[in-house]
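Spelled out, the chains give:
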Amino acid sequence: MAQFEKEIVQAVLIADNNVWNFKPLSDEGSTALLPLVNVRMLDYALMALNRSGVEEVFVYTSLYRSSIREHIRAGIATDAAWSFKMTVHVIGDEGCRCFGDAMRDLDNKALIRGNFILLGADTVTNADLRPVLEQHKRQAKFDKGTAATLVFKECANNVRTGNELLIAVDRRNDRLHYHQRLRMHHKESRYQIPLDVFLGNSCVALHHNLLDPQIAIGSPSMLSLFNDNFDFQTRDDFVRGLLINEELLDSRIYVAMLPAAQYAHKVNNWPAYQLVSRDIINRWAYPFVPDIGLYKLQQQYVFHKDNIYKSPEAHVSKVALLQNVVIQAGSHVDSGTVISDSVIGANCRIGKNCRLTNAYLMAGVTVMDNCKLEHCVVGDGAIINVNCDVSAGCVLGAKSVLPAKTTLAKTLITSTPSRRRSEDEVAVELKSIGPNAYIVSDLTTGDPEDSDGEDLLPQQALCIPKMGDLLAPLDEISYCSDFSEDDEDGSRAVTPLPDDTNIFLGEVIDSLTRGFREKSNPDFLVLEINSSRYAYNMSLKEVNFNVVKAVFGMQSIVEPANNNVLVAINAAFKQLGPVVSNYIKSEDAMMDCLKALEDVYEENHLVREKISQIVHYLYDKDFVSESAIQAWYEQLDEEEHAHLRQSLAKLVAWLDQSSEEDDDDDEEDDD
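- The protein appears in an unreviewed UniProt entry as Translation initiation factor eIF2B subunit epsilon from Drosophila yakuba.
- UniProt lists a comment for the protein under the heading Subcellular location (unreviewed entry), and it reads "Cytoplasm, Cytosol".
- As recorded by UniProt, the Sequence similarities (unreviewed entry) comment attached to the protein reads in full: "Belongs to the eIF-2B gamma/epsilon subunits family."

**Topic: the overall build of the protein**
Here is step 1: Secondary structure assignment for the protein yields 19 helices and 35 strands.
Here is step 2: A total of 671 residues make up the protein; the buried ones form 54% of that total.
Here is step 3: Taking the intrachain contacts of the protein between residues at least 6 apart in sequence as the baseline, contacts between residues at least 24 apart amount to 59%.
Here is step 4: Carbon and sulfur atoms make up 47% of the accessible area of the protein, which amounts to about 30,400 Å² in all.

**Some words on the environment of Arg175**
Here is step 1: Along the chain, Arg175 falls in the loop between β9 (164-170) and β10 (176-181).
Here is step 2: With relative accessibility at 21%, the residue Arg175 sits in the partly exposed group.
Here is step 3: Leaving out residues up to four positions away in the same chain, Arg175 has contacts with Ala168, Val169, Asp170, Glu246, Arg252, Ile253 and Tyr254.

**Here's the deal with the packing of helix α11 (residues 522-535) against helix α14 (residues 565-583)**
Here is step 1: α14 packs onto α11 with a crossing angle of 45° between their chain directions and a minimal axis gap of 9 Å. Comparing their axes, α14 and α11 come out oblique. Where α11 crosses over α14, the handedness of that crossing is right-handed. Two secondary-structure elements touch here, α11 through Pro522, Leu525, Val526, Ile529 and Asn530 and α14 through Gln575, Leu576, Pro578, Val579, Asn582 and Tyr583.
Here is step 2: Here the contact of α11 with α14 is built from residues that sort into eight nonpolar, three polar and no charged.

**Details of the sheet that holds strand β22 (residues 349-350)**
Here is step 1: Spatial strand order, β16-β19-β22-β24-β26-β29: six strands in an open sheet with parallel pairing. Two strands bound the open sheet, and with one partner strand each, they are β16 (315-316) and β29 (401-402).
Here is step 2: In terms of strand pairing, strand β26 (residues 383-384) meets β29 through two bridges, oriented parallel. Each bridged residue has a counterpart across the sheet, and for Ile383 the counterpart in β29 is Val401.

**Structural notes on the nonpolar core**
Here is step 1: Within the largest apolar cluster, 64 residues are counted, with the highest numbers of intra-cluster contacts made by Leu36, Leu42, Tyr44, Leu46, Val57 and Val59.
Here is step 2: Looking at which domains feed residues into this core, each of domain 1 (10-266) and domain 2 (313-417) gives three or more.
Here is step 3: Apart from the residues lying within four places of it in its own chain, the contact partners of Leu46 are Leu13, Val57, Val59, Ile72, Trp82, Met86 and Val88.
Here is step 4: By size, the runner-up hydrophobic cluster in this structure holds 58 residues, among which are Leu512, Phe552, Val565 and Tyr583.

**Some remarks on the layout of surface pockets**
Here is step 1: What the second largest pocket holds in volume is close to 460 Å³.
Here is step 2: Lining the second largest pocket we find 19 residues, and of these Asp231, Gly241, Glu507, Ser531 and Ser532 sit closest to its centre.
Here is step 3: Sorting the residues of the lining of the second largest pocket by element identifies α7 (235-244), α8 (246-249), α10 (500-518) and α11 as the ones contributing at least two each.
Here is step 4: A class-by-class count of the residues in the lining of the second largest pocket yields six nonpolar, six polar and seven charged.
Here is step 5: Lining the lining of the second largest pocket are residues from two domains, each supplying at least three of them: domain 1 (10-266) and domain 3 (500-662).

**Considerations on the packing of helix α3 (residues 99-109) against helix α6 (residues 220-228)**
Here is step 1: Viewed as axis vectors pointing N to C, α3 and α6 meet at an angle of 115°, and their least axial separation amounts to 8 Å. Crossing geometry of α3 relative to α6 is assigned as left-handed. On α6, the residues touching Phe99, Gly100, Met103, Arg104, Leu106, Asp107 and Asn108 of α3 are Leu223, Ser224, Phe226 and Asn227.
Here is step 2: In the contact of α3 with α6, the residues fall into five nonpolar, four polar and two charged.

**Let's talk about the pairing of strand β1 (residues 10-14)**
Here is step 1: With five of five residues buried, β1 lies mostly within the body of the structure.
Here is step 2: Burial along β1 is two-sided: the face carrying Gln10, Val12 and Ile14 and the face carrying Ala11 and Leu13 are both buried.
Here is step 3: In the sheet, β1 pairs with strand β6 (residues 116-120) via five bridges, with the strands oriented parallel. Bridging from a neighbouring strand, Gln10 pairs with Phe116 of β6.

**A few points about the pairing of strand β23 (residues 355-361)**
Along a regular strand, successive side chains alternate from one face of the sheet to the other.
Here is step 1: Counted residue by residue, β23 has six buried out of seven residues, so it is predominantly covered.
Here is step 2: For strand β20 (residues 338-340) and β23, the ladder comprises three bridges, and the chain directions are parallel. Bridging from a neighbouring strand, Val338 pairs with Arg355 of β23.
Here is step 3: Sheet topology note: the β23/strand β25 (residues 372-378) ladder contains six bridges and is parallel. By the bridge assignment for β25, Ala359 is matched with Cys376.

**Structural notes on unusual backbone geometry**
Here is step 1: Cis geometry is adopted by the peptide bond preceding Pro24, which originates at Lys23 and carries an omega value of 5°.
Here is step 2: Within the secondary structure, Pro24 is located in the loop between β1 and β2 (35-36).
Here is step 3: Cis peptide bonds are those with omega within 30 degrees of zero, and the linkage from Tyr286 to Pro287 qualifies with 10°.
Here is step 4: For Pro287, the position within the fold is in the loop between α9 (270-281) and β14 (302-304).
Here is step 5: Of note in the backbone geometry, Asn38 takes a positive phi value of approximately 65° without being a glycine.
Here is step 6: If you trace the backbone, Asn38 turns up in the loop between β2 and β3 (39-40).
Here is step 7: By relative accessible area, Asn38 is classed as buried at 18%.

**What to know about the state of the cysteines**
Here is step 1: Within the structure shown, the criterion is met by zero disulfides.
Here is step 2: Free cysteine Cys388: the closest other cysteine sulfur is in Cys371, separated by 4.8 Å.

**Details of the pattern of salt bridges**
Here is step 1: For the structure on display, the rule yields 24 salt bridges.
Here is step 2: A salt bridge links Asp128 to Arg130; its shortest N-O distance comes to 3.0 Å.
Here is step 3: By relative accessible area, Arg130 is classed as partly exposed at 43%.
Here is step 4: A salt bridge links Lys137 to Glu134; its shortest N-O distance comes to 3.7 Å. Here Lys137 pairs with Glu134, and both are found in helix α4 (residues 130-142), just three residues apart, close to one helical turn.
Here is step 5: Taken together, the salt bridges that share partners define one network made up of Asp237, Arg240, Asp510, Arg514 and Glu528.

**Description of the side chain of Ser340**
Here is step 1: Within the secondary structure layout, Ser340 lies in strand β20.
Here is step 2: Once residues within four sequence positions are removed from consideration, Ser340 is found in contact with Leu322, Gln323, Asn324, Val325, Leu356, Thr357 and Asn358.

**Describing helix α1 (residues 41-51)**
Here is step 1: Most of α1 sits out of view: nine of its eleven residues are buried.
Here is step 2: Here α1 has its buried residues at Met41, Leu42, Asp43, Tyr44, Ala45, Leu46, Met47, Ala48 and Leu49.
Here is step 3: Positioned one or two residues after α1, Gly53 has a phi angle of 80°, which is positive.

The rules behind the values
- Residues numbered from 1 in each chain as written.
- Predicted model: local features only at pLDDT ≥ 70, side-chain atom pairs only at ≥ 80, totals over all residues.
- Heavy atoms only, no water.
- UniProt positions renumbered as here; feature names shortened; annotations may be inferred.
- Helix = DSSP H or I, 4+ residues; strand = E, 2+ residues; numbered from the N terminus.
- Buried < 20%, exposed > 50% of the residue type's maximum accessible area, 1.4 Å probe, protein only.
- Contact = heavy atoms within 4.5 Å.
- Areas by Shrake-Rupley, 256 points an atom, 1.4 Å probe, with all protein chains shown as cover.
- Axes fitted to C-alpha atoms, helices over the stretch in contact; angles between N-to-C directions.
- Parallel < 35°, antiparallel > 145°, perpendicular 65-115°, else oblique.
- Left-handed = near helix turned anticlockwise from the far one by under 90°.
- Nonpolar A, V, L, I, M, F, W, Y, C, P; charged D, E, K, R; others polar.
- Pairing = 2+ DSSP bridges.
- Core = buried A, V, L, I, M, F, W, Y, C linked by side-chain atoms within 4.5 Å.
- Domains from an automatic or database assignment.
- 1 Å grid on protein atoms, 1.4 Å probe; cavity = no way out; pocket = protein on both sides within 12 Å on 5 of 7 lines; lining within 4 Å.
- Points joined across faces, edges and corners; volume = space filled by probe spheres on them.
- Disulfide = S-S within 2.5 Å.
- Salt bridge = Lys/Arg side-chain N within 4 Å of Asp/Glu carboxyl O.

Below is the structure:
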């Protein structure tokens, strides 16, 4: 009678997420164990699964596996809230380097026996996922090609954290037809959606106000699709691949919306960490609130008005707690200190006359007298000496010691004098501001083995999203479709439709961005680009043009740290130079490169201001030749490109002079 046995509800929880965005704390431990309002993020995810009736969970991790396994054992031993009626396994593979590798390894291990819930350890949700799971099962019975159901949530805030989406779905059956992730700190004046989405479907709904909490219901075929398509590295790759090749793969994706009363958000960077902390303190994620025992089945805080959560074992005397404050047991705050919108971990000590606003202190932190902390994170056991000012998204690593009278802004601090990103890389020495305080410099994100001091451009600065003011709204955003009727005055222009070239460009930008961040082998990136080239039937000239344009279209160059576009370009070409060189070889290809730069010049005001230095850099690094620059300059229209020609005039004159001197030297040698 095995056919009548109840199907066990299984879930896969991915623990290694956003390692880059949480530096330097992610270098000291798993991001899954990062405290969020004094509770590990992994525990929020496990409790969400427990509330959804999950019976068996596979926590997949390739980093800090022993720490996560020990945390799970400790939770079971102390009767953690999630440990009842749910079995938790910690699995992984040291060779796993991305989400796609984890999915392929799970398929090879054959641990998943049916439909399963998939989410990250950094997802915080109070949603009951059982109705979504049942919806997925019903859909799978009707459509045997159902690969996954993606879960989304309407978002009401104006703060972008990188989780916002624009999608197009069939209103009749919630089938996904289009998926676009929106960029942080960016205002779209309009959206471009392929016309085929509307021509091939009679009833399409557009959603531009959605949040992606990275929750999905997967069919057994989802894992095999990853195994059959090794270019699926991320979840977005999976979605994009299925939307483009639905007929070839015979697989479809559906969508489910969470009710308005349910909360869900992914903590993928420090701004999201700040936002979700505020939401938890303001009780939007109820019952995941501080005064209810989340990890331990006992009350740890007393809830006061203005969202003040104070442990009875915390010593707070003559201290102004304004609003949205959590203070854990064993912490001591001296008189004259003002705290608002902050989280204080266990056994912290804060001196007199300090001011903390949007400060997040882990366990055992010491803050001496007269310090000001604003929009910052301080790791376990760190010490901030007297009269320090730490603000604007600073992150202090565990056990770091900040010297007295230090002022920091937008800076990452670690306690160790050198950093090593992998086993085979050389340690990078960091700039010291104290015996146990070292600035995580731009060299830790560039290539430590390539520190050529004669570069025209400096190295790339760290581009990790920082905390800031959550009340600062984005500008008003206007939306329009690819096809629109004329205004009453007939003056509105129709947005050009994205053709295969634009789709190809988007895929190359995604590949290069991921390769730049993950330090991928350039040969693998060339294979990815060539695969996209053949898929969209691009000519070599189009490939040359769009590869260069894609490099300049990466987020690190479009929105560089401190607006230093020269720094960003140098770092990008140091890593991706071999990819560009693979295509830019002949004089014709160099002209394609410079014409792409001409487009970028019109689109990016930072590039416009530094165009002469950028062209000089490309010449200096042998990406373009002297003759190619001169030929390109001659082709520029004197009226249409007057400003560009003026910006390049000195560089071209210098090249002409150098060429004449070389000719004179050759004549003297002949004599």
